[in-house]
Amino acid sequence: MSGIAGLVDFSRNVAPDRDTVQAMTATLARRGPAGEGLWLSGHAALGHRRRSAAVPEGGALPLVVPDGSGPRAVLTLNGEVFNARELRSRLRSLGHDLRTGTDAEAVAHAYLEWGADCVTRIEGTYAFALWDVRREELLLVRDRMGVKPLFYAITPAGVLFGSEPKAILAHPDFTPVVDADGLRDILSVARVPGHAIFRGMHEVRPGHTVRVTRAGTVERRYWGLRIADHHDSLDATVDAVRGLLETVVTEQMAGDTPPCALLSGGLDSSTLTALEAKVAGEQGLGPVRSLAVNDHDPRRPAGEQGNDDHLYARQLAEHVGTDHGEISLKDLDLLDPELRASVLAAYDVPLNKGDQYASLHLLFRAAREHAAVAFSGECGDDVFGGYNWNRLPEWIATSTFPWVAEGRPRFRGNAAVFDAGLLTKLDLAGYEHDCHRDAVAEIAADRLDDADEARYREVTYLAHTRHSRVLFDRLDRLGMASGLDIRVPFADHRLVEYTFNIPRAMKGFDGREKSLLRAAMKDLLPEPVAMRVKTPYPNLRDTGYDRVLRDRLVAVVRSPESPVGPLLSADLAAAVARDGAAALTDGVSRAVLETALQLDSWLRTYGVRVDL
C-alpha cells in the first residue's frame, strides 16, 4: 500500500510546479511513511509515497521505463498485483526486459505490450497513474471492485489526481466547495460511484479507466458484473467456493509474515482467519496474529453492553491456533476530540457513524503494531447474502436501496435539525429514488423470466456496486491513517463473478444466511462459530454517548461562528435557546447528530465554502 498523486497541464511545462506536487504527495505520508519519489517532465508530474524503506534496485517509484532515447512511460502505483509473477513470465516471453521483479514494472510493461487493454490482464487491488511520454496521455486506472481509491479533478488544461481528496485539496488552484449534489451525498444514504463530495472532484469508478489527452477526458468501463446462468450443482458450487477462497487467501498472503487477522468472531472473519492459519501452517510461516474488539465494559449497565463477538473470536482463535489479542472500547473514549479529528482527517468528508469509525480507527492502530498487512472479512455478507436486507423478502422487494429501507429509522431527524428550505431544495427522497433507478438500470435484470430472482440479482448488484463502496472506503482511509494495508479477500472479482449469478435458493439452501459459505468451511470452523447467527459490528449502546453528542450540538447551534449554522433549522435554534439539549431528545437519531457535528467540523477544518 502507498499513495499516489500528480498533475497534467497541457498548456505549459510543469517543472516549476515541483513544490506543489511535493506538497500534494506529502499529504499522503501516512499511506507511505517510508519516503517519497517525484518525477516531472514536460506536461506531467507524478508523485509517490512508499510504505517500505527497502526499495529493490531499480524499483523506486514513480517507475520510469526507458526506450533508448529517453523515458517511454512513467508509472506510479498504489496497491498489489497478485498475478505479477505470471505477467512477468508472459512479458519476458514476448521480449520485454524486466529487471526489478516489482508489481509496478509488470504493470508498466503490460501497458507497453497491450496498451490500455492491459487492465483486463491484471489481477489485484490497485490504482495507478501512467504517463505515456510519446503519446502525451495520462491513464488513470482503478481495480475492478474499487478496493483501492483514486480521485481526480479536471482542470482547464489537464487534471489533478491523488489517492485521497487531500492530495487534490493541497493544490492551490483547487478551491474546496460543496454544492447541492455534495450535500445530497452527505445527508442521504445513497452512495453514487464517481461522486467525491467536493465540487469538481471525482473518483475513478471501479472497473474503469480515465484517459486524459489534449482533446479532453474519456472514461471507459473495462469490467462489470453480467447476468448469466449458473449451471453447477449444489455440491459443485460449494466445492468451487472453497477452492476460490483458498486460492484468493493464498495469493493475498504472499510474503514471509502472515497478515494480521481482524477477527470479529463472525463467520466471515473466522473463515479468513482459519484459511490463513491453514495456509501459514502449510507454508511453514509463523503464527497468525488475530485481533478482536471487546466492547464490554463492567462500568456499563447490563442493558447497554455490546455483543459477545469477542467470545466467539477467542473460540476460533483457540481452535486454529492464532496468537490472539483484543482491544477494549470503554464508554466515552470514542468521543475524544483528538480521535474524532483524526478520523475526519483520514476520511476528508463528514461521516454519520462516529462511534463505529472511531473504534475501527483504534483497531487498525493496534493491528499496525503487529503487522503492516491485515485481512478483513468485509464484503462476505454482500457476496453470500448475510444481511437481512439482501436475503429477506420484505427488504429485497423494496423500491429503493434495501439497506436504506431497513435502516431508515436509524437516520431519522434530518427535518428537525436541518433547514426546511435546504431540505426542499435537496429533495433527498427524490435523489434516493433517482440513484436507485439509475443503479438497477445498469444491470438490466428484468431480462430474467423470474421477477423475484431478477430483483434478487438487482439487490446483489447494488450490494457490490453501492453498498461495498462504504466498506472499502472506511477500510482504506482508516487503515492507511495508521499505515495498515487492509486486504479484502471476499472482494476478489473472481469470487464475486462466480457467486453473483448463483440463484437465491441455492445461496440459502438450508434456510439460513450464507449457507454456501457455512457448507464450504464446515471442516475448518468450530460448530458454534460456523452456525452463529450474524450480528452487526458493535456500536456503543451507552446512552451517555448520545447525551454528549446532544450537548455538543447545542454548543454548535448556540455559536454564531459555527459554519454549519446557516444550514440548520431556525426552529431548532429557537428550541435549543428555550430547552437546551432537551430539544434534541425526541426524533433525532444518533446518525443525524453525528452528521451535523461532522459537517460543522469539516466546513471549519477544511475551509469548505457552501455554494447552493
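Thresholds, definitions, all that
Residues numbered from 1 in each chain as written. Predicted model: local features only at pLDDT ≥ 70, side-chain atom pairs only at ≥ 80, totals over all residues. Heavy atoms only, no water. Helix = DSSP H or I, 4+ residues; strand = E, 2+ residues; numbered from the N terminus. Core = buried A, V, L, I, M, F, W, Y, C linked by side-chain atoms within 4.5 Å. Buried < 20%, exposed > 50% of the residue type's maximum accessible area, 1.4 Å probe, protein only. Axes fitted to C-alpha atoms, helices over the stretch in contact; angles between N-to-C directions. Parallel < 35°, antiparallel > 145°, perpendicular 65-115°, else oblique. Left-handed = near helix turned anticlockwise from the far one by under 90°. Contact = heavy atoms within 4.5 Å. Nonpolar A, V, L, I, M, F, W, Y, C, P; charged D, E, K, R; others polar. Phe/Tyr/Trp six-rings, centres within 6.5 Å; stacked < 30°, edge-to-face > 60°. Lys NZ or Arg CZ within 6 Å of the ring centre and 35° of its normal. Pairing = 2+ DSSP bridges.

A.B. asks: Please clarify how unusual backbone geometry should be interpreted in this entry.
C.D. replies: The bulk of non-glycine residues show a negative phi, and the bulk of peptide bonds are trans. Here the bond from Leu61 into Pro62 is cis, since omega is 0°, no more than 30 degrees from zero. Its location among the elements puts Pro62 in the loop between β3 (44-50) and β4 (63-66). Despite not being glycine, Asp348 shows a phi value in the positive range, around 75°. Within the element layout of this structure, Asp348 appears in the loop between α9 (337-347) and α10 (354-368). For Cys379, which is not glycine, the phi torsion reads 85° and is therefore positive. Position of Cys379 among the secondary structure elements: in the loop between β17 (373-375) and α11 (380-384).

A.B. asks: How should the nonpolar core be read in this particular structure?
C.D. replies: The tendency in soluble globular proteins is for nonpolar side chains to be buried side by side. Ranked by size, the top nonpolar core spans 158 residues in total, and within it Phe128, Phe364, Val417, Phe418, Leu599 and Trp602 carry the most contacts. Core analysis: the second largest hydrophobic core is formed by 19 residues, Phe10, Trp39, Leu150 and Val210 among them.

A.B. asks: I tried to follow the packing of α9 against helix α17 (residues 451-480) on my own but got confused; where do I start?
C.D. replies: Between two packed helices, the angle of one axis relative to the other and the distance separating the axes together describe the packing. Relative orientation of the contacting elements α9 and α17 amounts to 110°, with a least axis distance of 9 Å. By the angle between their directions, the pair α9 and α17 is classed as roughly perpendicular. Seen from above, α9 lies across α17 with right-handed handedness. From α9, Val343, Ala346 and Tyr347 reach across to α17, where they touch Val470, Asp473, Arg474, Arg477 and Leu478. By residue class, the composition of the contact of α9 with α17 is five nonpolar, no polar and three charged.

A.B. asks: Help me understand the packing of aromatic side chains, please; the structure alone is not making it clear to me.
C.D. replies: What describes a pair of aromatic rings is the distance from one ring centre to the other and the angle between the planes of the rings. The full count for this structure, using the stated rule, is eight aromatic pairs. Between Tyr347 and Tyr357, the ring centres sit 5.5 Å apart and the planes meet at 85°, which makes this aromatic pair edge-to-face. In this pair, Tyr347 is assigned in helix α9 and Tyr357 in helix α10, connecting sequence segments 10 residues apart. Neither residue differs from the other here; Tyr347 and Tyr357 are each classed as buried. A connected cluster of aromatic rings, assembled from ring pairs, spans Tyr387, Trp389, Phe401 and Trp403. In this structure, Arg121 is placed above the aromatic ring of Trp114, and the distance from its NZ or CZ to the ring centre is 4.0 Å. Above the ring of Tyr347, the side-chain terminus of Arg477 is found at 5.9 Å from the ring centroid.

A.B. asks: Sorry if this is basic, but what is going on with the sheet that holds strand β18 (residues 485-487) here?
C.D. replies: Two pairing modes exist for strands in a sheet, parallel and antiparallel, and in both the strands are linked by backbone hydrogen bonds. What the five strands build is an open sheet, ordered β16-β15-β14-β17-β18; its pairing is parallel. Each of the sheet's edge strands pairs with one partner strand only, and the pair in question is β16 (323-328) and β18. This sheet shows a mean twist of 30° between the axes of neighbouring strands, independent of strand direction. In terms of strand pairing, strand β15 (residues 289-294) meets β16 through six bridges, oriented parallel. Following the sheet pairing, Ala292 is matched in β16 by Glu326.

A.B. asks: What is the right way to read the sheet that holds strand β13 (residues 216-221) from this model?
C.D. replies: Taken in spatial order, the six strands line up as β4-β5-β6-β7-β12-β13 in an open sheet, and their pairing is antiparallel. The outermost strands of the open sheet, each flanked by one partner alone, are β4 and β13. Taking each pair of neighbouring strands and ignoring which way they run, the sheet shows an average axis angle of 20°. Relative to strand β6 (residues 124-132), strand β5 (residues 71-81) runs antiparallel, the two being bridged by nine bridges. Note on β6: the bridge partner recorded for Ala73 is Asp132.

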